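Observations on the three-dimensional arrangement
Below, each chain spelled out in residue letters.
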Amino acid sequence: MTSTLGTVAHTSSGDNTTKIHRARATLSPALKQATPVVVDHATGSWIHGTDGRSYLDFTTGIGVTSTGHCHPRVVAAAQEQCGKIIHAQYTTVMHQPLLELTDALGEVLPDGIDSVFYANSGSEAVEASIRLARMATGRPNIVVFQGGFHGRTVAAASLTTAGTRFSAGFSPLMSGVHMAPFPYAYRYGMDTDTAVDFALRELDYLFASRVAPNDTAAMLIEPVLGDGGYLPTPPAFLAGLRERADRHGIVLIVDEVQSGVGRTGRFWGHEFCDGLVPDILITAKGIASGFPISAIAAPTELMAKAWPGSQGGTYGGNAVAAAAGVATLAVIAEENLVDNARERGDQLLAGLATLAERVPAIGDVRGQGLMAGIEFIDPDASGSVPTANAAAAAKVQQACIDQDLLTLTCGPLGNVVRLIPALVVTADEIDSGLARFGAAVDAVLG
């Protein structure tokens with residue numbers, strides 16, 4: 001007899017026991033690895049593979065291992081907490097690490113942002129922020145910006161415009177979501193100021209033609225687009241959003257899942273817009289150096305407008321993850337990792353700009369801090385809009401593996417290679433990474 005569990009076979013006549021032989025399980029074929037590396041162990045900026053090779057990791061788990069792999073203080077905090085309690089469901093019993101993490105976050109959150117709700121993932125936190133905004137305003141609509149990435153769950157994917165692969169194939173999506181242009185100056189062939197003016201005019205046109213401001217609950221934006229191509233949001237555009245949010249009573253949500261916790265060379269990516277304070281801030285990824293925890297933060301007055309029972313979750317604010325978060329924030333502060341991200345980021349972007357000067361297929365180099373994007377184009381194509389060269393980006397990303405450097409691609413057209421070193425990266429490691437990346441580019445493009 002056969003079944004989806006495998007073959008069922010009886011033993012000899014003297015044994016009435018039935019044994020089930022199950023087929024060996026495999027990972028979903030929909031999961032595609034960016035590299036062939038199987039990890040044995042990892043430390044700091046390095047992943048050591050089962051193949052005996054050591055790889056300079058400029059992916060950091062997509063910006064997650066902020067303090068590097070297995071920082072001793074983070075490891076020790078998690079180990080100690082495992083010996084006390086691993087899972088303390090935080091709407092049933094409170095635990096000390098979550099209280100300590102909330103206090104520590106209070107030291108770095110913007111003024112007036114003083115209430116925190118914890119979840120597990122960025123997608124969950126994004127959905128919690130949208131739920132809060134709709135409940136607080138009684139309005140249905142959400143405005144997002146072209147190229148934004150906010151997650152893969154149904155509501156989060158409905159908000160994501162960084163590529164159709166995140167939202168295609170399981171419609172209908174959540175209603176009430178409307179997209180406005182992002183000031184992508186390079187793609188439009190504009191300078192930054194012109195692109196900002198254009199994008200703000202189009203947002204106003206959207207409000208006039210399609211989405212009434214008094215029907216709009218929130219605007220949601222990343223301070224640096226992540227999967228959308230590692231594009232810093234111009235401060236003037238963020239300021240324009242803040243002004244319109246204030247004028248129309250709209251909640252401004254800043255998605256700091258990838259750009260927060262020091263990655264841009266400031267603790268929060270939105271801080272490049274001087275004086276800007278969001279209504280809701282979303283954080284995840286680097287907050288606990290690899291342990292799954294996320295949060296939204298808002299003024300208490302706004303957070304109190306969440307309906308009873310609308311916030312919760314079995315694993316949200318897990319005790320071990322919270323302890324790792326406390327240790328992570330302490331390491332970032334005491335080791336001056338925000339300053340290091342700024343200095344090493346300047347070094348990285350300067351080196352990439354030098355490389356771009358001699359490689360015509362590199363159309364643009366941009367980023368903030370330790371978020372660097374390299375956009376590949378066809379230099380021989382005509383037209384005012386650059387022609388994306390996704391094949392070159394993919395080949396360079398794979399060629400980096402031959403140089404023992406781990407990188408990723410991104411962008412709606414797949415033509416951007418992104419570099420995401422840990423906040424602990426050293427000047428020597430940046431120089432090494434630049435040399436390896438340059439060698440990969442030369443191997444592919446001559």
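Anyway, here's the lowdown on the structure attached to this text. (Residues numbered from 1 in each chain as written. Predicted model: local features only at pLDDT ≥ 70, side-chain atom pairs only at ≥ 80, totals over all residues. Heavy atoms only, no water.)

Okay, the overall build of the chain next. Regarding its fold elements, the chain presents 13 helices and 20 strands. Dimensions of the chain along its principal axes, counting C-alpha atoms only, are 85 × 60 × 50 Å. Across the 446 residues of the chain, 53% fall into the buried class. Counted over contacts in the chain with a minimum sequence separation of 6, partners at least 24 positions apart contribute 70%. A total accessible area of about 19,700 Å² is found for the chain, and carbon and sulfur atoms account for 53% of it. (Helix = DSSP H or I, 4+ residues; strand = E, 2+ residues; numbered from the N terminus. Buried < 20%, exposed > 50% of the residue type's maximum accessible area, 1.4 Å probe, protein only. Contact = heavy atoms within 4.5 Å. Areas by Shrake-Rupley, 256 points an atom, 1.4 Å probe, with all protein chains shown as cover.)

With that settled, the discussion passes to the side chain of Arg-344. You can see Arg-344 is positioned in helix H11 (residues 337-358). Arg-344 has contacts with Leu-370, Val-425, Thr-426, Ala-427 and Ile-430, leaving out every residue within four places of it along the chain.

As a further point, take the packing of helix H12 (residues 390-402) against helix H13 (residues 427-445). Across the interface, H12 lies against H13 with an axial gap of 8 Å and an inter-helix angle of 130°. With respect to each other, H12 and H13 are oriented oblique. Considering only the axes of H12 and H13, their crossing is right-handed. Of the residues in H13, those touching H12 at Ala-392, Lys-395, Val-396, Ala-399 and Cys-400 are Phe-437, Ala-440, Val-441, Val-444 and Leu-445. Across the contact of H12 with H13, the residue classes tally to 9 nonpolar, no polar and 1 charged. (Axes fitted to C-alpha atoms, helices over the stretch in contact; angles between N-to-C directions. Parallel < 35°, antiparallel > 145°, perpendicular 65-115°, else oblique. Left-handed = near helix turned anticlockwise from the far one by under 90°. Nonpolar A, V, L, I, M, F, W, Y, C, P; charged D, E, K, R; others polar.)

Now for the pairing of strand E9 (residues 177-180). Of the two faces of E9, the one lined by His-178 and Ala-180 is fully buried and the one lined by Val-177 and Met-179 carries no buried residue. Where strand E8 (residues 141-145) and E9 come together, 4 bridges link them in parallel fashion. Counted as the bridge partner of Phe-145 is Ala-180 from E9. (Pairing = 2+ DSSP bridges.)

For any two helices packed against each other, the geometry comes down to the angle between their axes and how far apart the axes lie. For the pair H11 and H13, interaxial distance at closest approach is 10 Å and the crossing angle is 25°. The angle between H11 and H13 falls in the class roughly parallel. In this structure, the crossing between H11 and H13 has a hand that is right-handed. Contact residues: H11 offers Arg-344, Gln-347, Leu-348, Gly-351, Leu-352, Leu-355 and Arg-358, while H13 offers Ala-427, Ile-430, Asp-431, Leu-434, Phe-437, Gly-438, Val-441 and Asp-442. Across the contact of H11 with H13, the residue classes break down as 8 nonpolar, 3 polar and 4 charged.

On the surface, Val-154, Phe-170 and Leu-173 cluster together into a nonpolar patch covering about 210 Å² of accessible area. By the secondary structure assignment, Phe-170 is in the loop between helix H5 (154-158) and E9. (Patch = residues over 30% accessible without salt bridge, like charges linked within 9 Å, V, L, I, M, F, W, Y side chains within 5 Å. Salt bridge = Lys/Arg side-chain N within 4 Å of Asp/Glu carboxyl O.)

Looking at the element boundaries, Ala-304 is found in the loop between helix H9 (300-303) and helix H10 (319-334). Residues Ala-304 and Leu-132, 172 residues apart in the sequence, show an inter-C-alpha distance of 9.2 Å.

On to the pattern of salt bridges. In the structure shown here, the tally under the stated rule is 15 salt bridges. Salt-bridge contacts for Glu-343 lead to Arg-344; the nearest nitrogen and oxygen are separated by 3.9 Å. We classify Glu-343 as partly exposed; its relative accessible area is 40%. Taking relative accessible area as the criterion, Arg-344 reaches 16% and is therefore assigned buried. The salt bridge partner of Arg-366 is Asp-364, with a shortest N-O separation of 2.9 Å. Look at the salt bridges and you will find they share partners, linking Asp-204, Glu-243, Arg-244 and Arg-247 into a network.

Turning next to the sheet that holds strand E7 (residues 115-119). Reading across from one edge, E7-E15-E14-E13-E10-E8-E9 is the order of the 7 strands in this open sheet, with mixed pairing throughout. For this open sheet the edge positions go to E7 and E9, each flanked by a neighbour on one side alone. Sheet twist, expressed as the average angle between the axes of neighbouring strands with direction ignored, equals 20°.

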